[in-house]
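Single-letter residue listing:
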Amino acid sequence: MERSKYLILRSTVELEVIDQLGVTAESNALVNSIMRHFLSFSCAEVVQKNKGRLALRSFRRDPNAQIPGWAYREPGTRPKYNPVR
């Protein structure tokens, strides 16, 4: 998340909390806690997304994997019998 978008979100959350609770030390602590949790979930989502991309880019076929029979067909041809799926 970009800094400007984060600051807009933080100010919106802060205004809502202040509107409900008033300006107190607890309201500032609550806003800080909410934004900390939001950032941790946001960062975890980005990390998970990046791990998925890395796994896709670094994919290696298992050399011991059994190759299915349809992989040996010539492209564009149909089998003479229906394969069991």
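These remarks concern the structure in this document.

With that settled, consider the overall build of the chain. A tally of regular secondary structure across the chain gives 2 helices and 0 strands. In terms of C-alpha radius of gyration, the chain reaches 26 Å, well past the compact-globule figure of 12 Å for 85 residues. Taking the principal axes of its C-alpha atoms as reference, the chain extends roughly 75 × 25 × 20 Å. Out of the 85 residues in the chain, the part that is buried amounts to 8%. A total of about 8100 Å² of accessible surface is found on the chain, and carbon and sulfur atoms cover 58% of it. Looking at charge distribution, the chain has the averaged site of its 14 positive side-chain charges lying 18 Å from that of its 8 negative ones.

This brings us to helix H1 (residues 3-21). Taking 1.5 Å as the rise per residue, H1 with 19 residues should run 27 Å; its terminal C-alpha atoms sit 26 Å apart, in good agreement. Within H1, the full set of buried residues consists of Tyr-6, Val-13 and Val-17. The arc that holds the buried residues of H1, viewed along the axis, is 40°, so those residues lie on one side. Along H1, the residues that are exposed and aim more than 90 degrees away from the buried face are Ile-8, Leu-15 and Asp-19. Elements in contact with the buried residues of H1: helix H2 (25-57). Phi turns positive, to about 90°, at Gly-22, one or two residues after H1.

Attention shifts here to the nonpolar core. Within the largest apolar cluster, 5 residues are counted, these being Tyr-6, Val-13, Val-17, Val-31 and Met-35. Within the residue set of this core, elements represented by two or more residues are H1 and H2. Ranked by residues supplied to this core, first place goes to H1 with 3 residues. Apart from the residues lying within four places of it in its own chain, the contact partners of Val-31 are Arg-10, Glu-14 and Val-17.

Attention shifts here to the side chain of Ser-27. Structurally, Ser-27 is set in helix H2. We classify Ser-27 as buried; its relative accessible area is 1%.

Along the chain, the position of Leu-54 falls in helix H2. Take Leu-54: its relative accessible area is 48%, and that puts it in the partly exposed class. Remark: the alpha-carbon pair of Leu-54 and Ser-33, spanning 21 residues in sequence, is separated by 32 Å.

About the thresholds
- Residues numbered from 1 in each chain as written.
- Predicted model: local features only at pLDDT ≥ 70, side-chain atom pairs only at ≥ 80, totals over all residues.
- Heavy atoms only, no water.
- Helix = DSSP H or I, 4+ residues; strand = E, 2+ residues; numbered from the N terminus.
- Rg over C-alpha atoms; globule rule 2.2 N^0.38 Å.
- Buried < 20%, exposed > 50% of the residue type's maximum accessible area, 1.4 Å probe, protein only.
- Areas by Shrake-Rupley, 256 points an atom, 1.4 Å probe, with all protein chains shown as cover.
- Lys, Arg positive; Asp, Glu negative; His and termini not counted.
- Charge placed at Lys NZ, Arg CZ, Asp CG, Glu CD.
- Expected span 1.5 Å × (residues − 1).
- Arc of directions from axis to C-beta.
- Contact = heavy atoms within 4.5 Å.
- Core = buried A, V, L, I, M, F, W, Y, C linked by side-chain atoms within 4.5 Å.

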